[in-house]
Amino acid sequence: MKIRLYTDAEIAKLEQSVFVRSVKYKRELEYEPLFKLWTIVLKHDFPELTAREIFARGGLDINILHKKLPQRRIKEWMDNYKKFGIRYFLPENEYYKSITYTKDNQVYYDSLKLQLMDFVLNRLKEISNEENR
């Protein structure tokens, strides 16, 4: 199997997105957990959007990425969310397990990124409640 390595210019362009933490080994994108959860919310609320459109809305240059990468990542994140819930993504340094319970936490922050996180988490809670009815 061939491995795709990104050029230095491509890496710089990808790392300009607020949702990309880094590009490891010139081939592996490390995403913010908020981006992963945000894609899950968008895919649920706007099923007509393609995975490539969602990545483009996140500020990633989809012309650099393999055409199947967004689809694979979003599917993987959706599967993990359905199986493990939010704890799979947040907090990053703690354990996660299969969903067995839900708990309510509402926190309000001033910064845009934290407000977006709050919105995404609340929307995911609503989605979970809708699916469990």
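Going by the structure above, here's the rest.
Calculation rules
- Residue positions are given per chain, counted from 1 along the sequence in the order it is written.
- Local features in this predicted model are restricted to residues of pLDDT 70 or higher, and side-chain atom pairs are both shown and tallied only at a pLDDT of 80 or more, whereas totals for entire chains, interfaces and linings draw on every residue.
- Computation of side-chain values: all heavy atoms of the structure, hydrogens and water removed.
- Centres within 6.5 Å make a pair out of two Phe, Tyr or Trp rings, where for Trp the six-membered ring is used; the pair is then stacked when the planes are under 30 degrees apart, edge-to-face when over 60, and tilted otherwise.
- Segments assigned H or I by DSSP are reported as helices when at least four residues long, segments assigned E as strands when at least two residues long, and all are numbered from the N terminus.
- Using a 1.4 Å probe on the protein chains alone, a residue whose accessible area is under 20% of its type maximum counts as buried, one over 50% counts as exposed, and one in between counts as partly exposed.

### Observations concerning the packing of aromatic side chains
For any two aromatic rings, the description comes down to two numbers: the centre-to-centre distance and the angle of the planes. For the structure shown, the criterion picks out 11 aromatic pairs. Look at Tyr-31 and Phe-55: their rings are 5.8 Å apart centre to centre, the planes differ by 75°, and that puts the pair in the edge-to-face class. Taken together, the residues Tyr-31 in strand β2 (residues 28-31) and Phe-55 in helix α3 (residues 51-57) connect sequence positions 24 residues apart. Accessibility expressed as a relative area gives 5% for Tyr-31, which makes it buried. Both rings, one in Tyr-31 and one in Trp-77, keep their centres 5.1 Å apart while their planes meet at 80°; by these two values the pair is edge-to-face. Separated by 46 residues along the polypeptide, Tyr-31 in strand β2 and Trp-77 in helix α4 (residues 69-84) bring together distant segments of the chain. The pair formed by Tyr-31 and Trp-77 is uniform in burial state, with each residue classed as buried. Taken together, the ring pairs connect Phe-19, Tyr-31, Phe-35, Trp-38, Phe-55 and Trp-77 into an aromatic cluster.

### A look at the environment of Lys-75
Along the chain, the position of Lys-75 falls in helix α4. Between the C-alpha atom of Lys-75 and that of Thr-39, which follows or precedes it by 36 residues, the distance is 9.9 Å.

Fair warning: the whole summary comes from geometry, so function is off the table for now.
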